[in-house]
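Below, each chain spelled out in residue letters.
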Amino acid sequence: MTTAQATLEAPARPPRAGGKAPYLHQIDLFRLITFACVILIHVVGATNFAQDVGANAVETPLHFTREAFFALTGFVLVFQNRSREFTAGDFWRRRLPLVATPYLAWSMFFWAYGLVTGEQQPGSLEASMRLLLKDLVTGGAWYHLYFLLVTMQVYLLFPVLMKLLRATEGKHKWLLLGSGLVQVGVTLFMTYQPFGVGYETITHLYGTLLPYQFYTLFGAVVAMHFEAVHAWAGRHRLLLGGVFLAVLAGTEWFYFRTVHNGTFPQVASDPFQPYLIPWFLTVIAAIYALATRWAARRREGSRGARVVSWAANRSFSIFLVHPLALALLGPAIPHVAERFGAPWLSVLIYLATIVLTILIVETLRRLPGSRALTGRPRLRPAKAAA
């Protein structure tokens, strides 16, 4: 049996009771790889100067994470619901609290943390409350919370998205084409702002679905055609691997050329640079292909399967907590830099951030407010042991 055949014959667990979609183990690994890259890009940014050419060269390809997350969100929602009917009210009652509650909890926490540490200095109680309200509306309490705000927008619009996908059956490629053209226009607008459009206007777009709509739709369309796309990825892993390397090289070449032409490195590596769109699509497809290869060889109960399952279960919690861990490690960064220098500074802080994040997550998962703080139910002693 070939690798492709094995992958196609065993992509998931069997369908679950109640008509639920089968469990796709490759999605667990996809999520794990993406979250690991999220932590890495934040660590690289925290341990290097903003205009460091080399550091921004590392960050440039790592910007795929936000697009991958929204593609994954669109995929999972549609894959779970494509074969069943649901009402918008029931969907919102089930889904929105899973994100809205942690969003409110962590927005308030980081708002207070910023006041205590001096990151935010509004000057008065009234100004502090205005700042909190602004943070809740814009997702600006900390640099990662915009993701939760946009995810809630995806949830609110999901019933409309499902109706659109069903109404345009057989024409999804045209739907993607139109969405792709909008995406190019949006990124051009955000990168090359028209005269009179301020930077603050552009930053507010980060907390809306608009800059991520194409990737969400891309994941949704893939889910509607999962069997065909899954089979294609299984047959063309080598092709995807080659395209991955070629597009990665082209992306880095474009970044260095842009810097050489006088653009600041931080601007040249901005996640909304239009030249990154091909890279985002390529890396999403390549990671999925890699994940299917792993899933085809996965053995239930093996160490690798347990590690990936454990990490996937905590991935959202780790995403919520890791900026706090990195902030707590901030005072140690200059001392580590003085002793070890680059690139070991980034490597050591990356490992320390992962360890500290896991310790915090495991603590929070055992507290009464676990669902609000981690997005997951509280771990009881017996469940923790299991």
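Per an unreviewed UniProt entry, the protein chain goes by Acyltransferase and derives from Amycolatopsis bullii. Taken directly from UniProt, the Subcellular location (unreviewed entry) text for the protein chain runs: "Cell membrane". You can read under Sequence similarities (unreviewed entry) in the UniProt record for the protein chain the words "Belongs to the acyltransferase 3 family."

**Student:** Can you break down the packing of helix H4 (residues 64-81) against helix H7 (residues 146-167) residue by residue, with the values?
**Tutor:** Axis separation between H4 and H7 bottoms out at 10 Å; the angle between their running directions is 40°. Here H4 is positioned oblique relative to H7, judged by the angle of their axes. In the packing of H4 onto H7, the handedness of the crossing is right-handed. Here Arg-66, Phe-69, Phe-70, Thr-73, Leu-77, Val-78 and Asn-81 of H4 come into contact with H7, specifically with Tyr-146, Phe-147, Val-150, Thr-151, Val-154, Tyr-155, Phe-158, Met-162, Leu-165 and Arg-166.

**Student:** Just give me the short version of the environment of Gln-273, but keep the residues and values in it.
**Tutor:** For Gln-273, the position within the fold is in the loop between helix H13 (265-268) and helix H14 (277-297). Judged by its relative accessible area of 6%, Gln-273 is buried. With 67 residues separating them in the primary sequence, Gln-273 and Phe-340 have C-alpha atoms 33 Å apart. Beyond its immediate sequence surroundings of up to four residues, Gln-273 is in contact with Thr-191, Tyr-192, Val-267 and Ala-268.

**Student:** Any details on the packing of aromatic side chains? Residues and values, ideally.
**Tutor:** Summed over all chains, the structure comprises 32 aromatic pairs. Relative to Tyr-155, the ring of Phe-91 lies with its centre 6.0 Å away and its plane at 85°, an arrangement referred to as edge-to-face. Here Phe-91, found in helix H5 (residues 88-117), pairs with Tyr-155, found in helix H7; they are 64 residues apart in sequence, far enough to count as distant. Just as Phe-91 is buried, Tyr-155 falls in that class too. Of the aromatic side chains, those joined through ring pairs into one cluster are Phe-35, Phe-69, Phe-70, Tyr-146, Phe-147, Tyr-206, Tyr-212, Phe-272 and Phe-319.

**Student:** Tell me what's going on with H5, and back it up with residues and numbers.
**Tutor:** Across its 30 residues, H5 extends 42 Å between first and last C-alpha, which sits within 8% of the 44 Å expected from 1.5 Å per residue. Along H5, the largest kink reaches about 40° and is centred on Leu-96; proline Pro-97 follows within four residues of it. Within H5, the full set of buried residues consists of Phe-91, Arg-95, Leu-96, Val-99, Pro-102, Tyr-103, Trp-106, Ser-107, Phe-110, Trp-111, Tyr-113 and Gly-114. Residues of H5 that are buried make contact with H4, helix H6 (125-138), H7, helix H15 (303-329), helix H17 (344-364) and helix H18 (370-374). Just downstream of H5 lies Gly-118, where phi reads positive at about 90°.

**Student:** Describe the side chain of Ser-302, naming the residues involved and giving the relevant values.
**Tutor:** With respect to the secondary-structure elements, Ser-302 resides in the loop between H14 and H15. At a separation of 2.8 Å, a polar atom in the side chain of Ser-302 contacts the main-chain carbonyl oxygen of Arg-299.

**Student:** Go over unusual backbone geometry, please, and point to the residues and values.
**Tutor:** The omega torsion across Ala-342 and Pro-343 is 0°, close enough to zero to call that bond cis. Looking at the element boundaries, Pro-343 is found in the loop between helix H16 (333-340) and H17.

**Student:** Would you mind going over the pattern of salt bridges in detail, with residue names and values included?
**Tutor:** By the definition in use, this model includes eight salt bridges. With its nearest N and O atoms 2.3 Å apart, the salt bridge here joins Arg-93 to Asp-90. Of this pair, Arg-93 and Asp-90 both sit in helix H5, three residues apart, which is roughly one turn of that helix. On the basis of relative accessibility, which here comes to 59%, the residue Arg-93 falls in the exposed class. Salt bridges sharing partners connect three or more residues here, namely Arg-314, Glu-362 and Arg-366.

**Student:** I'd love a proper account of the environment of Pro-343, names of residues and values included.
**Tutor:** Look at Pro-343 and you get exposed, because its relative accessible area is 54%. Along the primary structure Pro-343 and Ile-33 are separated by 310 residues, whereas in three dimensions their C-alpha atoms are 21 Å apart.

**Student:** Summarise a nonpolar patch on the surface; cite the residues concerned and give the values.
**Tutor:** Taken together, the side chains of Phe-340, Trp-344, Val-347, Leu-348 and Leu-351 define a hydrophobic patch exposed on the protein surface, amounting to about 480 Å² of accessible area. The biggest single contributor to the nonpolar patch is H17, with four residues. Within the secondary structure, Leu-351 is located in helix H17.

**Student:** Report on empty space enclosed by the protein, specifying residues and quantitative values.
**Tutor:** Enumeration according to the criterion identifies one cavity of 30 Å³ or more in this entry. Of the voids in this model, the largest cavity is the one considered here, and its volume is about 40 Å³. If you go around the largest cavity, the residues you meet are Glu-67, Gln-183, Thr-187, Pro-211, Tyr-215, Pro-271, Phe-272, Gln-273, Ile-277 and Phe-280. Every element with two or more residues in the lining of the largest cavity is listed here: helix H8 (172-191) and H14. A breakdown of the residues in the lining of the largest cavity according to their chemical character gives six nonpolar, three polar and one charged.

**Student:** Please provide a residue-by-residue account of the packing of helix H2 (residues 25-46) against H15, values included.
**Tutor:** Packed helices, taken two at a time, are described by their axes: the angle between them and the distance between them. Two elements in contact, H2 and H15, have axes separated by 8 Å at closest approach and are oriented at 20°. On the basis of their axis angle, the class for H2 and H15 is roughly parallel. Pair H2 / H15 crosses with left-handed handedness. The segment H2 lies against H15, with Asp-28, Leu-29, Arg-31, Leu-32, Phe-35, Val-38, Ile-39, His-42, Val-43 and Ala-46 engaging Val-308, Ala-311, Ala-312, Ser-315, Phe-316, Ile-318, Phe-319, His-322 and Leu-326. Along the lines of polarity and charge, the residues of the contact of H2 with H15 split into 14 nonpolar, three polar and two charged.

Each value, and the rule that gives it
- Residues numbered from 1 in each chain as written.
- Predicted model: local features only at pLDDT ≥ 70, side-chain atom pairs only at ≥ 80, totals over all residues.
- Heavy atoms only, no water.
- UniProt positions renumbered as here; feature names shortened; annotations may be inferred.
- Axes fitted to C-alpha atoms, helices over the stretch in contact; angles between N-to-C directions.
- Helix = DSSP H or I, 4+ residues; strand = E, 2+ residues; numbered from the N terminus.
- Parallel < 35°, antiparallel > 145°, perpendicular 65-115°, else oblique.
- Left-handed = near helix turned anticlockwise from the far one by under 90°.
- Contact = heavy atoms within 4.5 Å.
- Buried < 20%, exposed > 50% of the residue type's maximum accessible area, 1.4 Å probe, protein only.
- Phe/Tyr/Trp six-rings, centres within 6.5 Å; stacked < 30°, edge-to-face > 60°.
- Expected span 1.5 Å × (residues − 1).
- Bend = angle between axes of the 7 residues up to and from the residue.
- Polar contact = N/O pair within 3.5 Å; in protein donor to acceptor, adjacent residues only side chain to side chain.
- Salt bridge = Lys/Arg side-chain N within 4 Å of Asp/Glu carboxyl O.
- Patch = residues over 30% accessible without salt bridge, like charges linked within 9 Å, V, L, I, M, F, W, Y side chains within 5 Å.
- Areas by Shrake-Rupley, 256 points an atom, 1.4 Å probe, with all protein chains shown as cover.
- 1 Å grid on protein atoms, 1.4 Å probe; cavity = no way out; pocket = protein on both sides within 12 Å on 5 of 7 lines; lining within 4 Å.
- Points joined across faces, edges and corners; volume = space filled by probe spheres on them.
- Nonpolar A, V, L, I, M, F, W, Y, C, P; charged D, E, K, R; others polar.

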